[in-house]
Amino acid sequence: MTAVADARRDTAPMSKEEKARLSEGKRAERRLGWLLCAPAAIVMVAVTAYPILYSVWLSLQRFDLKFPDEREFVGLTNYITVLSNDYWWTAFGVTMLITVVSVAIELVLGMGLAVVMHRTLVGRGLVRTSALIPYGIVTVVAAFSWRYAWTPGTGYLANLFTDGAPLTERASSLAIIILAEIWKTTPFMALLLLAGLALVPDDLLKAASMDGASAWQRFTKVTLPVMKPAILVALLFRTLDAFRVFDNIYVLTAGANETSSVSMLAYNNLLRGLNLGIGSTMSVLIFITVAIMAFIFVKLFGTAAPGSRDDGRR
Amino acid sequence: METRTAKWRWGLLDAVVVVFALVPVLWIVSLSFKTTATLTDGNFIPREWTLENYRTIFQTDQFVRALVNSIGIALISTAIAVVLGTMAAYAVARLDFPGKGALVGVSLLIAMFPQVSLVSPLFDIERQLGIFDTWLGLILPYITFSLPLAIYTLSAFFKQIPWDLEKAAKMDGATQAQAFRKVIAPLAAPGVFTSAILVFIFCWNDFLFAISLTSTERSRTVPAALSFFTGASQFEDPTGAISAAAVVITIPIILFVLFFQRRIVAGLTSGAVKG
């Protein structure tokens, strides 16, 4: 800032060299911009780009830390091993199921919560504050709360709703994992939607109401179209986030009864199996999957993605 | 008349939201105060109250070490991420330079990056560099993944600051340093503070890195340590101890939410939607 301001002030009185000086000021501005961004950019790239390339390299090797001497280059063998493995596809299916179901329910609940936070006549602060608690709380803590709630004997929910042990059966375990995910992330979804809701002009709603539109019509014909960008951003963020599901599964079932997500599987291969080759292969596959999902989202919705352009900024 | 029924209806909806949000938290609080004898009675409200669980965890080295690690690692990561984020966000918001779009794009990519993809390579790289199971080994990924958050919230915030005030202050005879200290810094402080809270919450919450890049009490944070809790002896049910520890690490979050609700909402939405 200092450099830029000074450079500009110096140029003011000199009309002859003004052009040269101006471009010098421009250059100074560029240099300052790069200088200020460099540390952040270097850290971000060093801690993500290099390791992801390194994991591509690791994924092409047989590399088991229990047998370090047998390390060798094996080409795409690891990929064939993983992609022809039932565990991988089960985990992939589980992850997809959790992602789709939880995001769909969150969208509906989140929209409801956003409307409540936006329109409520009483206790707005109280609602917003309590809705933020699930967002802020440590996922592992929430997961333990759900686990104990569904443990037979100990838990209030287990005693209320079932005689068995729901966390030892596949379907009920998955349902509880999804419940835990929904509880934790609905407020985040709602906050993103709330920001979109605030952009809906009141006049437009009043006009529609004058023209005889019912509350439901106003919502679907006026509110939803205006909110579309906010909805898409919320969906994008939450879908990619849900696909990473790990903490809840780790605490609730530890992946028992075929409830592992892909993250859980990759983690187990690395730290339980100590198999860096296979673990890295899964890392790369997960990265590719997420990249494809992000690409589809951005392709479908284009400029709606945040940061894609400065327009849409208010 | 109509407004009164409307008020009741909204009040009821509010109550549903509050119950939905608070029940799991109250449940873990309730468990943490239960005595060993009543721990498995399934009652939502403890029949007998005790502080025994808290006494136990603060006497074990395992928890105290983890708490120190959690606080230290989260604070250091937050400080560094906010400083680097502030610099980058200032440039994004105020300066014109080629590569700005790339920086914003990279941050967006990292915000969506599947963190588990880094676990295998970082595990190996950190072992080779000798920073596996150290504070630094966790601080690095935490900074990386919280930078996008910091850059987004801060640049959105900096764009709203009336920078002309700085010029005005200098016209009135303030030096550059004075203009910055007396005019710009107070305007920017709330934004910096907000993003610090969000970044802290992110670092405080992390479990995946905490459990994969540590192996001992040396650097294990509380979320990771919780999953290794065994109670005072291996025959003792750790439920009470885990609940108490869970409550302890929830306290800072509750305080943040209570005191800075407005700022957190503003920060999250400006960062994610207005980008």
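Cut-offs and rules
For every chain, the first residue of the written sequence is number 1, and numbering continues from 1 along that sequence. A letter from A marks each chain and a number from 1 marks each ligand, given out in the order of writing. Totals for whole chains, interfaces and linings use every residue, but because this is a predicted model, local features are given only for residues with pLDDT of at least 70 and side-chain atom pairs only at 80 or more, for both listing and counting. Side-chain descriptors were evaluated using all non-hydrogen atoms of the structure, hydrogens and water having been removed beforehand. Any Lys or Arg side-chain nitrogen found within 4 Å of a carboxyl oxygen on Asp or Glu counts as a salt bridge. Going along the chain from the N terminus, every DSSP run of H or I of four or more residues is numbered as a helix, and every run of E of two or more is numbered as a strand. Using a 1.4 Å probe on the protein chains alone, a residue whose accessible area is under 20% of its type maximum counts as buried, one over 50% counts as exposed, and one in between counts as partly exposed. The contact rule is simple, with two residues in contact once any of their heavy atoms fall within 4.5 Å. What gets called buried area is simply the loss in accessible area from a 1.4 Å probe that two parts show on being joined, summed for both. N or O atoms within 3.5 Å of each other form a polar contact, as long as, within protein, one can give a hydrogen and the other can take it, and as long as residues adjacent in sequence are counted only when both atoms are side-chain atoms. Residues are grouped as follows: Ala, Val, Leu, Ile, Met, Phe, Trp, Tyr, Cys and Pro are nonpolar; Asp, Glu, Lys and Arg are charged; all remaining types, including Gly, are polar. Only protein atoms enter the 1 Å grid used here. Points where a 1.4 Å probe fits but cannot escape make up a cavity, open sets with protein on both sides within 12 Å along at least five of seven lines make up a pocket, and a residue lines them when an atom lies within 4 Å of a point. Grid points are joined across faces, edges and corners, and a volume is the space filled by probe spheres set on the points. Centre distance within 6.5 Å is the pairing criterion for rings of Phe, Tyr and Trp, where only the six-membered ring of Trp is used; planes under 30 degrees apart are then read as stacked, over 60 as edge-to-face, and the remainder as tilted. Within the patch definition used here, like charges are joined within 9 Å and nonpolar side chains (Val, Leu, Ile, Met, Phe, Trp, Tyr) within 5 Å, considering only residues with over 30% relative accessible area and no salt bridge. Where accessible areas are quoted, they stem from the Shrake-Rupley method and a 1.4 Å probe; at the residue level, only the protein chains shown are allowed to cover. A helix's residues, less one, multiplied by 1.5 Å, set its expected span. Bend is computed residue by residue as the angle between axes fitted to the seven residues ending at the residue and the seven residues starting at it.

J.: A description of the pattern of salt bridges should follow, citing residues and the corresponding values.
T.: By the definition in use, this model includes 11 salt bridges over all chains. Here Lys26 of chain A makes a salt bridge to Asp96 of chain B, at a shortest N to O gap of 3.4 Å. Here Lys26 of chain A, found in helix α2 (residues 18-59), pairs with Asp96 of chain B, found in the loop between α3 (61-94) and α4 (100-111), and the two come from separate chains. The exposure class assigned to Lys26 of chain A is partly exposed, which follows from its relative accessible area of 38%. One salt bridge in this structure joins Glu181 of chain A and Arg238 of chain A, with 3.5 Å as the shortest N-O distance. Taken as a pair, Glu181 of chain A in helix α8 (residues 170-197) and Arg238 of chain A in helix α10 (residues 215-243) lie far apart in primary sequence, 57 residues in all. The exposure classification of Glu181 of chain A matches that of Arg238 of chain A, with both residues buried.

J.: I'd love a proper account of the interface of chain B and chain A, names of residues and values included.
T.: Each partner contributes residues to the interface: chain B has 98 residues there, and chain A has 95 residues. For the pairing of chain B and chain A, the buried interface totals around 8600 Å² over both sides, and the portion due to carbon and sulfur atoms is 76%. The largest share of the area that chain B buries against chain A comes from Trp10, Met112 and Phe207 of chain B, three residues that together contribute 7% of it. Our count for the chain B to chain A interface comes out at 1 salt bridge. Remark: the boundary between chain B and chain A carries 16 residue pairs in polar contact (both at pLDDT 80 or more). Take the side of chain B that touches chain A: its biggest share by element is 18 residues, from helix α11 (residues 239-274) of chain B. In terms of residue class, the side of chain B that touches chain A is built from 68 nonpolar, 19 polar and 11 charged.

J.: Explain empty space enclosed by the protein residue by residue, including any values.
T.: Over the atoms a probe the size of a water molecule is rolled, and this reveals where empty space is left. Evaluation of the coordinates by the stated rule reveals 4 cavities of 30 Å³ or more. Here the largest cavity defines a volume of roughly 1000 Å³. For the largest cavity, the lining is made up of 33 residues, of which Tyr135, Asp241 and Arg244 of chain A together with Gln115 and Phe202 of chain B are closest to its centre. When contributions to the lining of the largest cavity are tallied by element, the ones reaching two or more residues are α8, α10 and α11 (247-252) of chain A together with α4, α6 (135-159), α8 (176-205) and α11 of chain B. Taken together, the residues of the lining of the largest cavity sort by class into 19 nonpolar, 7 polar and 7 charged.

J.: Tell me about the packing of aromatic side chains, and please be specific about residues and values.
T.: Any pair of aromatic rings gets described here by the distance separating the centres and the angle formed by the planes. Residues and elements named next belong to chain B. All chains considered together, the criterion is met by 31 aromatic pairs over all chains. For the pair Trp27 and Phe44, a centre-to-centre distance of 5.8 Å together with 25° between the ring planes defines the contact as stacked. On the criterion of sequence distance, the pair formed by Trp27 in helix α1 (residues 2-32) and Phe44 in the loop between α1 and α2 (52-59) is long-range, its members being 17 residues apart. Residue class for Trp27 comes out buried when judged on its relative accessible area of 0%. Note on Phe44: relative accessible area 27%, which makes it partly exposed. Ring pairs connect the aromatic residues Phe193, Phe200, Trp204, Phe256, Phe259 and Phe260, which therefore count as one cluster.

J.: Just give me the short version of a nonpolar patch on the surface, but keep the residues and values in it.
T.: Residue and element names in this part refer to chain A. A cluster of nonpolar side chains, namely Ile288, Ile292, Phe295, Ile296 and Leu300, defines an oily patch on the protein surface of about 510 Å² accessible area. Considering the arrangement of structural elements, one finds Ile288 in helix α13 (residues 276-301). The exposure class of Ile288 is partly exposed, given its relative accessible area of 40%.

J.: Give a detailed account of unusual backbone geometry, specifying residues and quantitative values.
T.: Residues other than glycine seldom take positive phi values, yet Glu258 of chain A does so here, at roughly 55°. The topology assignment puts Glu258 of chain A in the loop between α11 and α12 (262-272). Positioned with a positive phi, Asp133 of chain B is a non-glycine residue whose angle comes to about 60°. As for its position among the elements, Asp133 of chain B is in the loop between α5 (116-129) and α6. Relative accessible area serves as the criterion here: at 4%, Asp133 of chain B is assigned to the buried category.

J.: Could you give an account of α5 of chain B, naming the residues involved and the relevant values?
T.: Residue and element names in this part refer to chain B. Relative to the 20 Å expected for 14 residues at 1.5 Å per residue, α5 spans 20 Å between its end C-alpha atoms, a close match to the ideal helical length. In the structure, α5 departs most strongly from a straight axis at Leu122, where the bend amounts to approximately 30°. Of all 14 residues in α5, 11 are buried, a share of seventy percent or more. When α5 is considered as a whole, its buried residues turn out to be Val116, Ser117, Leu118, Val119, Ser120, Pro121, Leu122, Phe123, Asp124, Ile125 and Glu126. Count one or two residues on from α5 and you reach Gly130, which has phi positive near 75°.

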